[in-house]
Amino acid sequence: MTTSRPAHDPTGPDPRPPSPDAARRARPAEGDTVTRRTSYCRLCPASCGVEVETDGTRVLRVLGDRQHPISRGFTCPKGRRAADLLHGPDRLTSSRRRTAAGEHEPVDADTAMAEVATRLTGIVEEHGPDAVGLFIGTQHNFATLTPFMARAWFRGLGSRKLFSTMTLDQSAKWLVKSRMGVYAGGPQSLDEADVWLLAGTNPLVSVNGGDGDGALVTNPSANLKAARDRGMRLIVVDPRRTETAARADLHLRPRPGHDALLFAGLLQVILGEGLHDRDFCDRHVEGLDDLRAAVAEATPDRVARVCDVPVEELVRAARMFAAAERGMVSTGTGVCMGPHSNIAEHLAACLNVVCGRYLREGEPVPGRGVLMGEGPARAEVVPADREWERGFRSRVGGHGLLRGELPAALLPDEILRPGPDRIRALVVSGGNPLLALPDQGTARRALESLDLLVSIDTRMSQTARLADYVIAPTMLYERADHTGLMETFFPRPFAQYTPAVVAPPRGVVEDWRVFFRLAAETGGPLRFAGRDLDTSRPPSSEELLDLVASRGRVPLDEVRTHPHGLLAGHPGTTVGPAREERAGHRLTLLPADVAAELAAALAPVAATVPVGARSAGAEGGAGEGGAAGGEDAEEFPLRLVVRRMREVVNSLGSAVVGLPPQSYNPAHLHPQDMAHLGITHGAAVTIRSPHGTLEAVAHEDPSMRPGVLSMTHGWGGLETGGDPRTTGSNVNRLTSLHHGAQAVNHMPTLTAVPVSVTLAPPSPADREEPSP
Ligand SMILES: Nc1nc2c(c(=O)[nH]1)N[C@H]1C(S)=C(S)[C@@H](COP(=O)(O)OP(=O)(O)OC[C@H]3O[C@@H](n4cnc5c(=O)[nH]c(N)nc54)[C@H](O)[C@@H]3O)O[C@H]1N2
Ligand SMILES: Nc1nc2c(c(=O)[nH]1)N[C@H]1C(S)=C(S)[C@@H](COP(=O)(O)OP(=O)(O)OC[C@H]3O[C@@H](n4cnc5c(=O)[nH]c(N)nc54)[C@H](O)[C@@H]3O)O[C@H]1N2
Ligand code: SF4
Ligand SMILES: [Mo]
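Named according to an unreviewed UniProt entry, the protein is Molybdopterin oxidoreductase originating from Streptomyces viridosporus T7A. The UniProt entry for the protein carries the following comment under Sequence similarities (unreviewed entry): "Belongs to the prokaryotic molybdopterin-containing oxidoreductase family."

Given below as structure tokens:
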């Protein structure tokens, strides 16, 4: 058995030395048999196929599975270091309970779950079910059974206080569908596209395509290369010259926070020059003339001036996109987290709609539903449902529910504001809201004022440290699973099943069992994947995995016989004609609320003058490239933007020694700004925003747009004032729960946040060791 990578391993060598822990484990004791087991990674939707080396008890190494038909050997650094997540020093191998002294003591899972259930029952009896909240984090979604069981428990409980990270992320996409309607023929795919526009997303690092296309999620580097090799043109809109932008045929680098304007400018050119798809619009769209009129003022020269992009590139992007036959705009967090995020996302969708980038009647459907049921594709519109306008309203802000959820940015107020129906108990599943929520100070106050905080987490996350109970669950490779929930992210119809590769530590419990147990003890009904479960008889994971997959077109048992996963083949179906009852339905491009939001977002263009009339501010020193003026311009001349780090996913992985390039998240600045501000690479800096102050470590980064500062979220500890070099810096000390919050989803501004940067006074750490 060789322990070195095969020479042709497409994942390439990991440039950093393994952590001491990993190195120790990679040398199994003499006599140990090392075997390789096929599985797939479950840290993100990409679900990369892997081979797991194990000595039978522990995972030793994780390698890309070259026989996997979708990922073809691709893995990322964090996936390859999963052994450290499973067996590292911070892995929780038993549950914890907070003592009266505020310490956490080990407690067996059974006792923890029983005590939590008793306390929840007491709170519900006294205050009603809405006193209990559920916060769903990212890692909740990567164990198929968890989302089903958690929601089943929560529905049975009768609480409406459901929150997830989606409303700190890209819930603009949900809102757009709810306000515009959905074309039921499905979108075009990247595999057949001749153009693609990526805005505010960097799939080469994030392996995320928004709700764009599976080719951007699974092995995006290879897929983008293949697409470009066959002639697809790539347009990227990003203030930073990202890894993805470096591959683009055209890279627009606007001032951050200006996507709504930029998209309005593209629409102005496309509709003004008649480059849109008339046939698709005639059949399926209403409000086209209103939209054309609404963006009429967003002329290329004005938009170029305000966004600070070359006018000819803006026009070229519009023509390149519209002249192509196939291909879409897809957006990520850079668009969905900015000011005017909902309207920016709406206009991105309008670009796809007016250019008709959807499958027409008679075209083959991708058929991605393999284990999960999939409705038929039809050349018709499911009309806007504006779901949040009906039913339950939040006590804070009067918000309705979007896909059954309340805005996460309202969670702190829902806890803190006195009243009979405030949230008193919160269960956090696979999330770390103390770092994820804007305004860490308020988030901490809120979590600390709960009667009961339960964190289901594999480590003592920052949130877990505040919890009354931390329930330690299994991790990937310790549980059986299938890809049912992820199959919409695959570029081809595909499914994979994995058994558990290693046994979990004795003290942990599978996530879904926590919710099953709570349901059993609190006595609510438990409707799971369309069936009522008998809470007196705990099922097995395999039974539940079968239940979830019971409506698929391929039996899970067949998928079980394909260790590298099963390419299911196309179902041979095509987009059907519109049904009579749907024939009159249209995608609504400009309902009244959207029109009003658009007018507000476009206000800066109405106030501007054409390029040339003033001296160009492009690529200037600190401040000019980031801000478009306004009241903050002088005090906060820079713009803080979001960014992902390849080696960690949100807050997960940052503690693995040697995984991230350093033990902190740098504040990336353009060298020109560094020089202007008198800051050197590695220096400690103080960042100020209208909402808070943060200590960080500056890094020179020529890929930045001057005037822009970019940092990754998910770092920093509980306290302020620590050394940023040891814990990193929580950008959410600079953000606000309410500033810029959007209608309906209350999405706050997390990118294009006005900030200033100054050199921090020397700290003891600076004096002891020179800057790196
Ligand atoms: N390695 C890794 N992968 C991850 C994650 C991770 O933490 N690490 N997180 C996962 C999660 S939870 C998510 S939601 C996805 C996110 O996936 P993405 O949305 O692709 O996230 P990023 O890679 O940060 O890309 C956002 C881009 O937006 C740009 N940007 C910032 N502000 C603006 C702006 O105002 N306008 C425009 N046009 N662009 C802007 C940034 O420069 C950045 O390149 O990634 C997922 N994948
Ligand atoms: N300023 C700013 N704020 C942001 C963002 C930003 O870009 N800028 N991004 C936002 C976005 S897009 C997101 S998605 C959120 C991220 O917010 P969260 O999803 O709340 O944060 P994570 O760090 O991903 O939390 C995942 C937790 O799950 C745990 N975990 C790992 N494996 C398992 C498992 O198998 N089971 C269970 N139960 N737990 C597990 C990890 O230890 C970790 O603590 O942050 C949001 N906040
Ligand atoms: S991209 Fe990385 S984290 Fe995501 S599934 Fe693949 S190996 Fe795992
Ligand atoms: Mo996210």
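Here the narrative resumes.
Here we take up the environment of A264. Within the fold, A264 resides in helix 9 (residues 259–272). Distance in space between the C-alpha atoms of A264 and I343 is 9.8 Å, their sequence separation being 79 residues. Apart from residues lying up to four places away in sequence, A264 is in contact with V295, A298, L347 and L602.

Taken as a whole, this structure holds 42 salt bridges when the rule is applied. The partner of R319 in a salt bridge is E273, and the shortest N-O contact between them spans 2.7 Å. Of the two residues, R319 sits in helix 13 (residues 311–323) while E273 sits in the loop between helix 9 and helix 10 (278–284), which places them 46 residues apart along the sequence. Relative accessible area serves as the criterion here: at 41%, R319 is assigned to the partly exposed category. A residue is classified by how much of its surface remains accessible, and E273, at 39% relative accessible area, is partly exposed. Taking the shortest distance from any N to any O, the salt bridge between D413 and R417 comes out at 3.5 Å. Owing to a relative accessible area of 42%, R417 belongs among the partly exposed residues under this scheme. Among the charged side chains, a salt-bridge network with shared partners connects R179, R386, E389, D593 and E597.

This part takes up the pairing of strand 28 (residues 692–700). In the sheet, strand 26 (residues 667–669) pairs with strand 28 via three bridges, with the strands oriented parallel. In the sheet register, L669 faces strand 28, and the bridge partner there is E700. With six bridges joining them, strand 27 (residues 684–689) and strand 28 adopt antiparallel strand pairing. Of the residues in strand 28, the one forming a bridge with V685 is A696. Here strand 27 hands over to strand 28 after two residues, the two strands then running antiparallel side by side.

Our focus in this paragraph is the nonpolar core. Taken as a class, soluble globular proteins show a tendency for nonpolar side chains to be buried jointly. Ranked by internal contacts, the top residues of the largest apolar core, which has 82 residues, are L291 and V354. For this core, the leading source of residues is helix 9, giving 10 residues. With sequence-adjacent residues up to four places away left out, V354 is seen in contact with L267, I270, L271, H276, D277, C281, L288, L291 and L589. Counting 53 residues, the second-largest nonpolar core is a separate cluster that includes M149, L162, M372 and Y497.

In spatial order, the strands read 25-29-26-28-27-30; together these six strands close into a barrel with mixed pairing. Pairs of neighbouring strands in the sheet enclose a mean axial angle of 45°, with direction left out of account.

Turning next to the packing of aromatic side chains. In this structure the tally under the stated criterion is eight aromatic pairs. A ring pair is formed by W153 and F154, whose centres lie 5.4 Å apart and whose planes are at 55°; its orientation type is tilted. Each member of the pair W153 and F154 is classed as buried. Here the aromatic cluster, defined as three or more aromatic residues joined through ring pairs, consists of W153, F154 and F515. The lysine or arginine in question, R357, covers the ring of F321, its NZ or CZ lying 4.7 Å from the ring centre. Note that R560 overlies the ring of Y497, its terminal NZ or CZ placed 4.9 Å from the centroid.

About the thresholds
- Residues numbered from 1 in each chain as written.
- Chains lettered and ligands numbered in written order.
- Predicted model: local features only at pLDDT ≥ 70, side-chain atom pairs only at ≥ 80, totals over all residues.
- Heavy atoms only, no water.
- UniProt positions renumbered as here; feature names shortened; annotations may be inferred.
- Helix = DSSP H or I, 4+ residues; strand = E, 2+ residues; numbered from the N terminus.
- Contact = heavy atoms within 4.5 Å.
- Salt bridge = Lys/Arg side-chain N within 4 Å of Asp/Glu carboxyl O.
- Buried < 20%, exposed > 50% of the residue type's maximum accessible area, 1.4 Å probe, protein only.
- Pairing = 2+ DSSP bridges.
- Core = buried A, V, L, I, M, F, W, Y, C linked by side-chain atoms within 4.5 Å.
- Axes fitted to C-alpha atoms, helices over the stretch in contact; angles between N-to-C directions.
- Phe/Tyr/Trp six-rings, centres within 6.5 Å; stacked < 30°, edge-to-face > 60°.
- Lys NZ or Arg CZ within 6 Å of the ring centre and 35° of its normal.

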